[in-house]
Amino acid sequence: FQPSFKLQEKIREGSKVRKIYDTPTTPCERLLADPRVDMKVKENLKEQLESLDPVLLLKRMREAQTSLSELHNRNADSETSNRQSMEEFVKQLPELWKLGEVRPTHRKKPQKPHTWRTRKDPFELVFPLILKWLESEPDRTAKELFLRLQKKYPGEFRDCQLRTLQRRVKAWRSRMARNLLKLYTYEEMNTEEVTTTIAR
């Protein structure tokens, strides 16, 4: 029942490739229009097509998907509660597209945030030194600090580890910014309390 494009030809024009598609048709219409298909097969297809109701098929598919979903969630006791009449299903069709598929495979399980390390931190031993450098010179970039580390510890740190240090420095600066914001908010609240007391 779903019309689709089929690629007919590819034409190369210099560095570009132009694709030509046929008219969108359903798989059944393609079979009926294909001269290689036997007439008896085409007649059987026409009879089968006339006997099918797309809305009824969709309803049965939804019921089957719901049953599978309940089995997947080990909640098969509620199977009968999801049965609907044809009239109820047709009424809900304008809104069903918003709900998406009900198959278990289309439901992504919530993932836990990745907070653990997968490999040893190469800057674990020298990070206190990096923090001292940052506190004395907060405008220094992570790349400048990395070059300074390489100069201080020759052969200890590889160029590919720069991104790791950049992430560490970024996380530290974000943490410091949050702490400053909390301190500023706390001082602002105290100032408001003092102002209110004086006003009273």
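Okay, so let's go over this structure.

The rules behind each value
- Residues numbered from 1 in each chain as written.
- Predicted model: local features only at pLDDT ≥ 70, side-chain atom pairs only at ≥ 80, totals over all residues.
- Heavy atoms only, no water.
- Patch = residues over 30% accessible without salt bridge, like charges linked within 9 Å, V, L, I, M, F, W, Y side chains within 5 Å.
- Areas by Shrake-Rupley, 256 points an atom, 1.4 Å probe, with all protein chains shown as cover.
- Salt bridge = Lys/Arg side-chain N within 4 Å of Asp/Glu carboxyl O.
- Lys, Arg positive; Asp, Glu negative; His and termini not counted.
- Charge placed at Lys NZ, Arg CZ, Asp CG, Glu CD.
- Helix = DSSP H or I, 4+ residues; strand = E, 2+ residues; numbered from the N terminus.
- Buried < 20%, exposed > 50% of the residue type's maximum accessible area, 1.4 Å probe, protein only.

Observations concerning a negative patch on the surface
Together, Asp38, Glu43, Glu47 and Glu50 make up a negatively charged patch on the protein surface. Considering the arrangement of structural elements, one finds aspartate 38 in the loop between helix H1 (27-33) and helix H2 (39-51).

Thoughts on the pattern of salt bridges
All told, the structure shown has eight salt bridges when counted by the stated rule. Between aspartate 121 and arginine 168 there is a salt bridge whose closest N-O contact spans 2.0 Å. Remark: arginine 168 occurs in helix H7 (residues 162-199) and aspartate 121 occurs in the loop between helix H4 (86-99) and helix H5 (127-136); sequence separation between them is 47 residues. A relative accessible area of 10% places aspartate 121 in the buried class. On the basis of relative accessibility, which here comes to 23%, the residue arginine 168 falls in the partly exposed class.

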